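# Report on the structure
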Amino acid sequence: MRGRKHALGLPRHLALGVVSRRRAGPLVLVNPVLEEWFYFWYVANVLRQRVGITTVFSCAVALRMLFQLYQGPLALVTVLLIALLFSAYYLRTNRIWPLIIAHGLIDLFARADCDAFTGTPCAPAGPAFAFSTNTSTSSHPPRDERARMSDRHSYDAVVVGSGPNGLSAAIVLAQTGLSVLVLEQQPTIGGGARSAELTLPGFMHDVGSAVHPMGVAMPFFRSLPLEKHGLRWIDLPTAMAHPFDNGPSAVLRNSIEETGATLGVDARAYDALVRPITQHWEEIRADALAPVHPPRHPITTGRFGLSALRSAESLAKSRFDGELARGLFAGLCTHTIMPLTRTATASIGLVLAAVAHRTGWPIPAGGSQSISNALASYFRSLGGEIVTDSPVSSLRDIPDAKTIMLDVTPRQAVAIAGDRFSGSYRSALAKYRYGPGVCKVDWALGEPVPWRDPACAAAGTLHLGGTLGELVASEGAPWNGEHAEKPFVLVAQPSVFDPTRAPPGKHTLWGYCHVPNGSDVDVSDRIERQIERFAPGFRDCILARRVTKASELSLGNANLVGGDIGAGANTLRQLLFRPALRANPYATSVKGLYLCSASTPPGGGVHGMCGVFAATSALAALHGGRGTKDA
């Protein structure tokens, strides 16, 4: 290629290709220019020069295979043949534009036929999934959650599990007019989004998650009329505070500038790191928090990936000079529940910081149960049915249905349907890794927590662990089978902002630390010592406590295997490919049977998107698309 160079040192047609990514108008012919520059121009010239051919060609083919694998084996073989033919043509003629036009025509016809995710017809440029805007407020009269199953013996779809993902999958299916039944093993719905009086009468505690940044940052809940079904979000001006032994706390506020003002010398560095992600959140969300697919916004997502793929420790040390910013960022990254020295542990920290400035870290009025109740109410308004106290130990426990959605982790999926899975799929699920567990403590308090720094009293969430070095040590311990002496403790104080959680003048507090998976050790004393470290006199406020060890968490929610609240370890492989490396991560090897839990993309958090993607895939298969294939 002898064309003039772009300012970044790339050929002119690369810049044109970035502009032309939208699928409309005559520029669709050069839609794949970004790929052609890499595969046809660069690789061909390296072939000619015979310099570094093995490394470059391997990277090119690997990246291409990654994209094309998710469009099916035939597409993978076809595109590799096309790449070889095109490269050979360029080597002989040194002409690139005929190849761009030819591949553009191929791309045009291919996109007119099927979507990269599901095989359904492609829509114009826009969101990958269109959510219903039905605002019907009709609802069935309140009923006992232990309602009996109707007399019908078959359904269009059955969902096993009533967590946020299961309910979201059920809603997507019911919105199309299908008859849908949800079966829940526990007496109450909600999975990881439940609330109960765990300590004393009148004190309402969140059984699972308490603060929900992803619930409002992701699109599905926002697309539903949940406010008309009882959900009310409480916005918090201060998302999180991270105190230190000496000096002020680092505080994550809604404003990037106000957050930076608490970070001392690193205010500008924090702004430079987080602002681009905040400004381009919707593009990054669509590309990164979804099943692996060719990015719709490659430049924006690529820039995010350069930081997200780094370890939390290395990114914090390279971008920040002071302990305030390093500690705050490391605390955010501990939500990966991984050693902070591991690859890609920076990713979740970047996401949580960005959404704090974009949509906040809200809590639901009345407790997390309010989210589940609103989802269930809306689902019932669509004609759906929910039956509790209905354990499912095998497919024989499920009524006849064309589609079955399992809101369970791989271990439960194998127990339920392992005898029907192919050997290769069953083997892949058996290799799925679970992460550390948590030891959780719920407190009933006679008065607010006496935080040393007043900034902590105004925060919904507290990250207690001190400096970056301390957090690295505490988060590495569970992976080595150890219990940290000074664990990182995550605390939420919802009653400060929601008086319905406790009697007048009283409060609730929620907290946990990471421990080895399946641990039977009560580390509540270590947790309380960490709180006392930053709130002297805390233990004098305690009226009652409820300790739940990691080994006990799965008794109330089978998906919390060994106390793993993330439904699987957030290793790099499982961040990208969970639960197994498959063209459709939701489809099992059994036709019509899908996984829709947090063990599928995009992973943990109360946002429902795992269920949405799974249900969308199932609908594509029902309508004749390529949503599923038997292994």
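Remember, it's a predicted structure, so these values are computed and weren't measured experimentally. Numbering of residues starts from 1 in each chain and follows the order in which that chain's sequence is written. Totals for whole chains, interfaces and linings use every residue, but because this is a predicted model, local features are given only for residues with pLDDT of at least 70 and side-chain atom pairs only at 80 or more, for both listing and counting. With hydrogens and water excluded, all non-hydrogen atoms of the structure serve as input to the side-chain values.

## Let's talk about unusual backbone geometry
This is how the line gets drawn: Helix numbering and strand numbering both begin at the N terminus, where a helix is a DSSP run of H or I of at least 4 residues and a strand a DSSP run of E of at least 2.
Here the residue pair Arg-578 and Pro-579 is connected by a cis peptide bond, since its omega of 5 degrees sits within 30 degrees of zero. Here Pro-579 lies in the loop between helix H23 (572–576) and strand S16 (593–595). A positive phi angle, near 60 degrees, is found at Ala-567, a position not held by glycine. As for its placement among the helices and strands, Ala-567 is situated in the loop between helix H22 (550–553) and H23.

## Overview of empty space enclosed by the protein
Put simply, the rule reads: In this analysis the probe radius is 1.4 Å and the grid spacing 1 Å, with only protein atoms considered; a cavity is a set of points the probe fits into but cannot get out of, a pocket is an open set with protein on both sides within 12 Å along at least five of seven lines, and lining residues have an atom within 4 Å of a point. Grid points are joined across faces, edges and corners, and a volume is the space filled by probe spheres set on the points.
One pass over the full model with this rule turns up 2 cavities of 30 Å³ or more. A volume near 30 Å³ is recorded for the second largest cavity. Per-element tally for the lining of the second largest cavity: the top contributor is strand S14 (residues 507–515), with 3 residues.

## Some words on the sheet that holds strand S9 (residues 385–387)
Just so we agree on the cut-off: For two strands to count as paired, DSSP must find a minimum of two bridges between them. Whenever a helix is involved, its axis is fitted only over the stretch in contact; in every case the axis is a line through C-alpha atoms, and angles between N-to-C directions fall within 0 to 180 degrees.
Ordered by their spatial adjacency, 5 strands build an open sheet running S9-S2-S1-S10-S16, and the pairing between neighbours is parallel. Each edge of the open sheet carries a strand with a single partner, namely S9 and S16. Pairs of neighbouring strands in the sheet enclose a mean axial angle of 20 degrees, with direction left out of account. Two strands pair when backbone bridges link them, and strand S1 (residues 154–160) and strand S2 (residues 180–183) are joined in this way by 4 bridges, in the parallel orientation. Each bridged residue has a counterpart across the sheet, and for Val-158 the counterpart in S2 is Leu-181.

## Thoughts on the nonpolar core
Put simply, the rule is: Among the buried residues, those of types Ala, Val, Leu, Ile, Met, Phe, Trp, Tyr and Cys that are joined through side-chain atoms within 4.5 Å form a nonpolar core. Note on classification: 1.4 Å probe, protein chains only; a residue is buried when its accessible area is under 20% of the maximum for its type, exposed when over 50%, partly exposed between these limits. Contact criterion: two residues are considered in contact whenever any of their non-hydrogen atoms come within 4.5 Å of each other.
Within the largest apolar cluster, 96 residues are counted, with the highest numbers of intra-cluster contacts made by Leu-252, Tyr-270, Trp-361 and Met-405. Looking at this core, the element that brings in the most residues is helix H15 (residues 346–358), giving 8 residues. When neighbours within four sequence positions are excluded, Met-405 is seen to be in contact with Val-158, Val-159, Val-160, Ala-169, Leu-173, Tyr-594, Cys-596, Ala-614, Ala-615 and Ala-618. Of all hydrophobic cores here, the second largest spans 27 residues; its members include Cys-456, Val-515, Ile-527 and Phe-534.

## Here's the deal with the sheet that holds strand S6 (residues 238–242)
The strand order across the open sheet formed by 7 strands is S7-S6-S12-S13-S14-S11-S15, and the pairing between neighbours is mixed. Each edge of the sheet is formed by a strand with only one pairing partner; in this case those strands are strand S7 (250–253) and strand S15 (542–548). Adjacent strand axes in the sheet meet at a mean angle of 20 degrees, parallel and antiparallel pairs treated alike. Judged from the 6 bridges that link them, strand S11 (residues 437–445) and S15 form a sheet pairing that is antiparallel. Bridging across to S15, Lys-440 finds its partner in Thr-548.

## As for the pairing of S14
Along a regular strand, successive side chains alternate from one face of the sheet to the other. Buried residues dominate S14, accounting for 9 of its 9 residues. Burial of the side chains of S14 extends over both faces: His-507, Leu-509, Gly-511, Cys-513 and Val-515 are buried on one face and Thr-508, Trp-510, Tyr-512 and His-514 on the other. Pairing of S11 with S14, which is carried by 9 bridges, proceeds in the antiparallel orientation. The residue of S14 that forms the bridge with Asp-442 is Trp-510. Here strand S13 (residues 489–492) runs beside S14; their pairing, made up of 4 bridges, is antiparallel. When the sheet's bridge partners are listed, Val-489 is paired in S14 with Cys-513.

## Describing the confidence of the model for the protein chain
The cut-off we apply is this: Across the chain, each position has a pLDDT score giving the predictor's confidence in that residue, from 0 to 100.
Summarising the model, the protein chain shows a mean pLDDT of 83, and 75% of its residues fall at 70 or more. Low pLDDT (under 50) marks residues 50–57, which in the prediction has 10 contacts with non-local residues, meaning those over four places away or in another chain. Contacts of residues 626–631 to residues separated by more than four positions or lying in other chains number 28 contacts, the stretch itself having pLDDT below 50.

## Points about the pairing of strand S10 (residues 400–406)
Summarising the sheet, S1 and S10 pair through 6 bridges and their orientation is parallel. Within S10, the position partnered with Val-158 by the bridge is Ile-404. Of the strand pairs in this sheet, S10 and S16 are connected by 3 bridges, and their pairing is parallel. Bridge pairing in S16 links Met-405 to Tyr-594.

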